[in-house]
Amino acid sequence: MLQVQNLSVSYGRASALHNVTMEVNEGEIVAVIGPNGAGKTTLLKAITGLLKAKEGTIRYKDNMITGTPAHKILGVGISHVPQGRQVFGDQSVEDNLILGAFSIKKEKQKIQELIEREYERFPRLKERRWQHAGTLSGGEQQMLAVSRALMSDPDFVILDEPSMGLSPIFVKQIFDTLLELKKSGKTVMVVEQLAMAALAISDRAYVLQVGEVKLHGQSQDLLRDDGLVKTYLGAASPN
Amino acid sequence: MDLTDVLKAIINGLVYGSVYAIIAQGYYITFITTKTMNFGQGDFVMLGSLIGLSTFTAITAAGMGVWIAFIASLLLVIVVVGISGWALEQVAIRPLRSWHSIGWILSTVAVAMIVRNVAMLIWGRDVLMAPSPFGRAILDLGILKIRYHEIFVLVGAAVIMLLLYVFLKKSLFGKALEAVAFNKDAASLMGINPRLMASIAFIIAGTLAGVGGVLVGPMVHPGAFIGLFLGLKAFAVAIIGGIENPRGIFIGGLLLGVSENLFALYSTSMKEAAAFFLILVILAVLPQGLFGKRVKEKF
């Protein structure tokens, strides 16, 4: 479904991503794990057009999407939940959801249905629907960020460290949501620092280190590989 | 000085203040979406009042009614100054933004100078008389006499600001503008095009300047040089009210208008100092402006 080939990205003269090749198949959950500064966020930003690729190609469903600007990526069916949630703090929870459906703005009825669907997914958001998003707790903001990204009914969802700064209960809830998305036929790509938790819910995984893919394979196999943690993720992985 | 003078000064202040507020909303709307603004906003006001004046005169000279003339001149001003706002963003702001510089300040001042000098070539150096669709008709309330045009300006400005406020807070488009202001990257991931939003913000700012010019024209004897003081006062209003708060700007505008007219009761030369006196006092006590935004982001 998504093919990234020989992708390189740099910030000025500093190379952030070097010759990365990876793919995500329809219906999978694919995890990208690796330590801080490995280039995980850079990879996602390059896919969704927030950063320019220096070299390489990105292909989605047989369309070349290299260089497509971020505001057109939703149109091809990819939705990106950015790192640190980035909800619109000055606007209400419901307005955040409405903005998530900006690309389908003409169908009022449809938008109302989608909002109700998201409130069912996260009842907490319904309780807080008129509150400014900036006043929510971190976990609630993450729920909102996920729901907002699902408002356009994307086929492919990309999440950047959804567990960041959350308590274990919220982390479990978000990861359960990813499994539900997979069950409903969506394809998921998730970047995580909680490597073990990400491996536990994903089908396949890529291990990124200093901008390069060091290892990839079935998540189950990677989980059983004792060397993985020590070599690439540092011994003290929290999970 | 008696009570009538004070009352008259207050009414006058509210009329002028509401015009300052409309112009200042233009600073607000481009500032929240792009963190830039047009330092030549005042000269766009001047352009609006002179184009409005010429169109109005031409149409009434052709024998058509004053209201047809007024509406036609308003529409023409909205189109011309709105497009000027769009062009300004394309030419003077967009190319300079990626530099992380404040170059756009000087480039908008440069555009303002060009506009001012072109206006001088077309309309000359003298001040002109701008007729109002109400003529010089006066509402006589016994102790108080108000020109109908002033009432019209007061009501018109209030309606414009109400429409703008509803547009920004209730329409999807306004929500998208605000989203871009809050977080450009996150907004673009929603399918919102930040560049398009920047263009729209500058078109709205230009339109507000133009409409402000048409309204203020019959009250000030317009000429090529009026932009400087109108722009400066509107800027003062934006700072006083808190540049990110449209309601604050409205109240700030009225406050400045009233206080400068009250100052003028003592001495006309004090009138121009009122704006800066007010800024000094308010910023000394409330550095965010009267209604400045509190930071409430969560990490």
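Presented here is a report on the structure given in the accompanying data block.

Calculation criteria
Residues numbered from 1 in each chain as written. Chains lettered and ligands numbered in written order. Predicted model: local features only at pLDDT ≥ 70, side-chain atom pairs only at ≥ 80, totals over all residues. Heavy atoms only, no water. Contact = heavy atoms within 4.5 Å. Salt bridge = Lys/Arg side-chain N within 4 Å of Asp/Glu carboxyl O. Polar contact = N/O pair within 3.5 Å; in protein donor to acceptor, adjacent residues only side chain to side chain. Helix = DSSP H or I, 4+ residues; strand = E, 2+ residues; numbered from the N terminus. Nonpolar A, V, L, I, M, F, W, Y, C, P; charged D, E, K, R; others polar. Axes fitted to C-alpha atoms, helices over the stretch in contact; angles between N-to-C directions. Parallel < 35°, antiparallel > 145°, perpendicular 65-115°, else oblique. Left-handed = near helix turned anticlockwise from the far one by under 90°.

**Describing the interface of chain B and chain A**
1) Next: In this assembly, 22 residues from chain B lie in contact with 28 residues from chain A.
2) Next: The interface formed by chain B and chain A contains one salt bridge.
3) Next: Measuring nitrogen to oxygen at the nearest pair gives 2.9 Å for the salt bridge that ties K175 of chain B to D95 of chain A.
4) Next: Scanning the region where chain B abuts chain A turns up four residue pairs in polar contact (both at pLDDT 80 or more).
5) Next: Mapped onto the side of chain B that touches chain A, the elements with two or more residues apiece are α6 (172-182), α7 (184-189) and α8 (194-220) of chain B.
6) Next: Looking at the side of chain B that touches chain A element by element, the count peaks at six residues for α6 of chain B.
7) Next: Looking at the side of chain B that touches chain A residue by residue, the classes come out as twelve nonpolar, four polar and six charged.

**Observations concerning the packing of helix α3 (residues 66-97) of chain B against helix α4 (residues 103-123) of chain B**
Residue and element names in this part refer to chain B.
1) Next: Interaxial distance between α3 and α4 falls to 8 Å at its minimum, and their mutual angle equals 160 degrees. When the interaxial angle is binned, α3 and α4 end up roughly antiparallel. Relative to α4, α3 is oriented so that their crossing is right-handed. Where α3 approaches α4, its residues L88, A92, I93 and L96 are matched on the opposing element by G103, W104, S107, T108 and V111.
2) Next: Class assignment of the residues belonging to the contact of α3 with α4 gives a composition of six nonpolar, three polar and no charged.

**Topic: the pattern of salt bridges**
1) Next: Evaluated as defined, the whole model comprises 22 salt bridges over all chains.
2) Next: Notably, a salt bridge pairs K169 of chain B with E178 of chain B, separated by 3.6 Å at the nearest N-O pair.
3) Next: Through salt bridges that share partners, K110, R117, E118, R121, D153 and K186 of chain A make up one connected network.

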